[in-house]
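Coordinates in review
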Amino acid sequence: MNPIVIVGTGLAGYNTARELRKLDREVPLVIVSADAAGFYSKPMLSNALAAGKTAHQLVIKAAAAMREELRATLIERTSVAALDAATHRIRADARDIAYSKLVLALGADPIRLALAGDGAGAVMSVNDLDDYARFRAGIGAGRRVAVLGAGLIGCEFANDLALAGYSVDVADIADQPLARLLPPGLADAMRDALAAAGVRWHLGKRAAALNKRGAALLLCFDDGTEIETDSVLSAVGLAPRTSLARIAGLAVNRGIVVDRFLRSSDPDIYALGDCAEVDRQVLPFVMPIMHASRALACTLTGKDKAVAYPAMPVVVKTPALPTVVCAPAPGASGSWQIETLEGGAAARYVDGAGRLLGFALTGAACAMKNRLLTEMPPARPD
Ligand SMILES: Cc1cc2nc3c(=O)[nH]c(=O)nc-3n(C[C@H](O)[C@H](O)[C@H](O)COP(=O)(O)OP(=O)(O)OC[C@H]3O[C@@H](n4cnc5c(N)ncnc54)[C@H](O)[C@@H]3O)c2cc1C
């Protein structure tokens, strides 16, 4: 019998393998990864600098130990370049690997801004351990770093860099940080808290060019203003890795299109995690991956199970202003009601009947998370 093959050893690939092994200790399993296949928690990447952690120290379990734990053939540092759905085979460097069922857990690529200038090639992004190792080495000690993007990852890096002693500028075309997650009142509090931690904001500005100026870099905005810095970190978003699936003829939209069973347009190919668009949603966060991998493991062992998402809060790891967001579902219709509390604020997103559809909490109000979760609508049934 051909093995189940998983491509990718991020949280999606490894959690699927772990959940599968809870249900079936014997089914042959092959895991292929373009990286070194150490198990790590990606969210740690944006608060590891201040803690003084190297990339090596972030590895929770090395590839050899994962191979043993999962009773799998683990092929690391090997890219899958082609997939043939008709013959059930993938091409991984020089090898041809046959599969019975294939799981694509390919993650996403950092989006690169189209910047002009002779310094544009110096822009870094951090989306895996190798990136983090390069970034840590590239920024030197206690120098200037400009962060492009004031979303979750940009704000977390800004706070971490400031705590680690760097001089930090953050730029975004939006007028507020965390523009897609927080209502304006809470976003203002995040802006002020990070400013108090040393972050200089350049909001409502579009980065246009990065030029070399001696050993430094000059970041130029489209309003004619500029700032000098030593390094630039881009955190402007991620694009699901879809090219392998697209070339193989699978349905692809923003991500690899799968249904609630994580099944693609080919009945023996599944996808989850940052590369996947599950039932029209791309949810590049840890909790959706945990729910999806549990459901997928059941399906892979012959008991079809649809993923059902409960309310899934995301913790924004900004010690300057601890924040938790439980975003309303896409298309939800309601309005924000903001309450200022001692040492924080609570924003509730409610519909016309007063039902809670989402929330955002800052500071001391984060303690309300568990209570508000009980008020949220239950997971959509399987
Ligand atoms: C800095 C940062 C902080 C974050 N913080 C949070 C947080 O606080 N909370 C939260 O919920 N989420 C957070 N996230 C998001 C969360 O970490 C991701 O959603 C999750 O880790 C994605 O896991 P994944 O397995 O889908 O992708 P990845 O971890 O990117 O794994 C993809 C895997 O596929 C492999 N691969 C890709 N292409 C190929 C190929 N062709 N052949 C072979 N292998 C291939 C890669 O080598 C890798 O092993 C954060 C993300 C970042 C970048």
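It should be emphasised that the depicted structure is a prediction, and the values quoted were computed from it without experimental measurement. (Residues numbered from 1 in each chain as written. Predicted model: local features only at pLDDT ≥ 70, side-chain atom pairs only at ≥ 80, totals over all residues.)

If you trace the three strands from one edge of the open sheet to the other, you get β4-β5-β6, paired in antiparallel fashion. Each edge of the open sheet is held by one strand with a lone partner, namely β4 (80-84) and β6 (95-98). Mean inter-strand twist for the sheet, computed between neighbouring axes without regard to direction, equals 20 degrees. Alignment of strand β5 (residues 89-92) against β6, held across four bridges, turns out to be antiparallel. For R91, the partnering residue across the bridge sits in β6 and is D96. (Pairing = 2+ DSSP bridges. Helix = DSSP H or I, 4+ residues; strand = E, 2+ residues; numbered from the N terminus. Axes fitted to C-alpha atoms, helices over the stretch in contact; angles between N-to-C directions.)

This next bit is on the site of the ligand. Near the ligand there are 35 residues, and of these G8, G10, A12, G107 and G273 occur at the shortest range. Classifying every residue of the shell around the ligand by side-chain character gives 20 nonpolar, ten polar and five charged. Mapping the shell around the ligand onto the domain boundaries places at least three of its residues in each of domain 1 (4-109 + 238-300) and domain 2 (112-234). (Near = placed C-beta within 6 Å. Nonpolar A, V, L, I, M, F, W, Y, C, P; charged D, E, K, R; others polar. Domains from an automatic or database assignment.)

Before going further, it helps to examine helix α1 (residues 11-23). Turn by turn, an α-helix covers 3.6 residues, leaving residues three or four places apart pointing in a common direction. Under the 1.5 Å per step criterion, the end-to-end length of α1 is 18 Å for 13 residues, consistent within 8% with the ideal 18 Å. The set of residues buried in α1 consists of L11, A12, G13, Y14, N15, T16, A17 and L20. Taken together, the buried residues of α1 touch β1 (4-7), β2 (29-32), α3 (63-70), β7 (101-104) and α8 (286-300). (Expected span 1.5 Å × (residues − 1). Buried ≥ 20, exposed ≤ 12 C-beta atoms within 10 Å, placed from the backbone. Contact = placed C-beta atoms within 7 Å.)

Now for the sheet that holds strand β24 (residues 356-363). If you trace the five strands from one edge of the open sheet to the other, you get β20-β21-β24-β23-β22, paired in antiparallel fashion. For this open sheet the edge positions go to β20 (314-316) and β22 (335-341), each flanked by a neighbour on one side alone. Taking the axes of each pair of neighbouring strands and ignoring which way they run, one obtains an average angle of 15 degrees across the sheet. For β22 and strand β23 (residues 344-350), the ladder comprises seven bridges, and the chain directions are antiparallel. Bridge pairing in β23 links L341 to G344. Along the sheet, helix α6 (residues 184-196) makes contact with β21 (323-326), β22, β23 and β24, crossing β23 at roughly 150 degrees.

Orientation of α1 relative to α8, taken along the N-to-C sense of each, is 40 degrees, at an axis distance of 8 Å. What the angle tells us is that α1 and α8 run oblique. Of the two elements, α1 crosses α8, and the hand of that crossing is right-handed. Residues L11, A12, N15, T16, E19, L20 and L23 of α1 lie in contact with α8, whose contacting residues are V286, I289, M290, S293, R294, L296, A297, C298 and L300. Split into classes, the residues belonging to the contact of α1 with α8 amount to eleven nonpolar, three polar and two charged. (Parallel < 35°, antiparallel > 145°, perpendicular 65-115°, else oblique. Left-handed = near helix turned anticlockwise from the far one by under 90°.)

In terms of nonpolar packing, the biggest core is built from 121 residues, with L104 and L262 touching the most fellow members. Sorting elements by how many residues they give to this core places helix α5 (residues 152-163) first, with seven residues. With near-sequence residues (within four places) excluded, L262 lies in contact with Y270, A271, L272, V278, A292, A295, L296, T299 and V307. (Core = buried A, V, L, I, M, F, W, Y, C linked by C-beta atoms within 7 Å.)

A separate point is the domain arrangement of the chain. By a frequent convention, interface size equals the accessible area lost on bringing the separate parts together. One can read the domain layout of the chain as domain 1 (4-109 + 238-300), domain 2 (112-234) and domain 3 (322-375). Here the C-alpha centroids of domain 1 and domain 2 sit 30 Å apart. Contact residues are listed per partner, giving 13 residues for domain 1 and 15 residues for domain 2. In terms of residue class, the side of domain 1 that touches domain 2 is made up of eight nonpolar, four polar and one charged.

In a regular helix each residue adds 1.5 Å, so twelve residues correspond to 16 Å; α5 covers 17 Å between its end C-alpha atoms and thus fits that length. Most of α5 sits out of view: eleven of its twelve residues are buried. For α5, the set of buried residues is L152, I153, G154, C155, E156, F157, A158, N159, D160, L161 and A162. Check the buried side of α5 and you find it contacts β9 (144-148), β10 (167-172), α6, β15 (231-234) and β20. Immediately beyond the C-terminal end of α5, within one or two residues, lies G165, with a positive phi of roughly 95 degrees.

The subject of this paragraph is the pairing of strand β13 (residues 216-221). Two elements, strand β12 (residues 207-213) and β13, share six bridges in a ladder whose sense is antiparallel. Pairing of A207 across the sheet is with F221, part of β13. Between β12 and the antiparallel strand that follows it, β13, lie two residues; G214 among them carries a positive phi value of about 60 degrees. Sheet analysis places β13 next to strand β14 (residues 226-229), joined by four bridges and oriented antiparallel. Of the residues in β14, the one forming a bridge with L219 is I227.

Before going further, it helps to examine the environment of A37. Within the element layout of this structure, A37 appears in the loop between β2 and α2 (55-58). Sequence-wise, A37 and M66 are 29 residues apart; in three dimensions their C-alpha atoms are separated by 8.3 Å. For A37, the contacting residues outside a window of four places in its chain are T9, A63, M66, L74 and E76.

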